[in-house]
Amino acid sequence: MDKQQLMEEAKTARDRAYVPYSKFPVGAALLTKGGKVYHGCNIENSGFSMTNCAERTAFFKAISEGDTEFAALAVTADTPGPVSPCGACRQVMTEFCSGDMPVYLTNLEGDVLETTVSGLLPGAFRAEDMNHAAE
Ligand SMILES: O=c1ccn([C@H]2C[C@H](O)[C@@H](CO)O2)c(=O)[nH]1
Ligand SMILES: [Zn+2]
């Protein structure tokens, strides 16, 4: 699966967004090292704080199915430039991916920003930071 295909998968995922409040659908496609793609969409709630972003939906689906090794992530929305993941999603990516994993941020116009997990959250707090304290 190349990056163009993964971005197309993110568009498909976006079609399933549940966004009656923001009317801002977002799609994510998370590629596992085994070649499987998990789709994620944002899922809102009348209690706004219960909203789950597209990116975290994809991760939580994968983790809950036992898939924990990831190769790439694509995210798309109808934004003026490439969509920018929120801080919570950047932290969740950091938890489950290596810092150099590619992330393709795009929009419906086809603008693409190729970055990495550590590029999205430089200096992130990681589990390894806690282990150092215990040594
Ligand atoms: O990268 C992003 C940014 C926002 N949202 C969602 C959360 C909410 O449903 C809507 C507006 O913030 O967009 C995502 O899913 N991913
Ligand atoms: Zn988010």
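Residues numbered from 1 in each chain as written. Chains lettered and ligands numbered in written order. Predicted model: local features only at pLDDT ≥ 70, side-chain atom pairs only at ≥ 80, totals over all residues.

Description of the sheet that holds strand S5 (residues 112–116)
The sheet built from five strands is open, its strands ordered S2-S1-S3-S4-S5 with mixed pairing. Since the sheet does not close on itself, it has two edges, and those belong to strand S2 (37–41) and S5, each with one partner. Direction aside, neighbouring strands of the sheet carry axes that sit 15 degrees apart on average. Pairing analysis gives five bridges linking strand S4 (residues 102–107) to S5, with the strands arranged antiparallel. Residue pairing across strands places Thr 106 opposite Val 112, the latter belonging to S5. (Pairing = 2+ DSSP bridges. Helix = DSSP H or I, 4+ residues; strand = E, 2+ residues; numbered from the N terminus. Axes fitted to C-alpha atoms, helices over the stretch in contact; angles between N-to-C directions.)

Digging into the environment of Asn 42
Turning to its location among the elements, Asn 42 is positioned in the loop between S2 and helix H2 (54–64). Among the residues examined, Asn 42 registers 24 C-beta atoms within 10 Å and is labelled buried. Placed 57 residues apart in sequence, Asn 42 and Gly 99 show a C-alpha to C-alpha distance of 24 Å. In contact with Asn 42, other than residues within four places in its own chain, are Ala 17, Val 19, Pro 25, Val 26, Thr 51, Asn 52, Cys 53 and Ala 54. (Buried ≥ 20, exposed ≤ 12 C-beta atoms within 10 Å, placed from the backbone. Contact = placed C-beta atoms within 7 Å.)

Notes on the pairing of strand S3 (residues 70–77)
Of all eight residues that make up S3, seven are buried, and the element is covered over most of its length. Here seven bridges tie strand S1 (residues 26–32) to S3, and the two strands are oriented antiparallel to one another. Each residue of the ladder has a partner; that of Gly 27, found in S3, is Thr 76. Two elements, S3 and S4, share five bridges in a ladder whose sense is parallel. Paired with Thr 76 across the two strands is Thr 106, which belongs to S4. Crossover handedness for the path S3 to helix H3 (residues 87–96) to S4: right-handed. (Right-handed = clockwise from strand over helix to strand, strands pointing away.)

So, the packing of H2 against H3
Taken N-terminus to C-terminus, the directions of H2 and H3 make an angle of 30 degrees; their axes are 9 Å apart at the nearest point. The orientation of H2 relative to H3 falls into the category roughly parallel. Classified by chirality, the crossing of H3 by H2 is left-handed. Note on element contacts: H3 touches H2 through Ala 88, Cys 89, Val 92, Met 93 and Phe 96, opposite Glu 55, Arg 56, Phe 59 and Ile 63. Each residue belonging to the contact of H2 with H3 can be placed in one class, and the counts come to seven nonpolar, no polar and two charged. (Parallel < 35°, antiparallel > 145°, perpendicular 65-115°, else oblique. Left-handed = near helix turned anticlockwise from the far one by under 90°. Nonpolar A, V, L, I, M, F, W, Y, C, P; charged D, E, K, R; others polar.)

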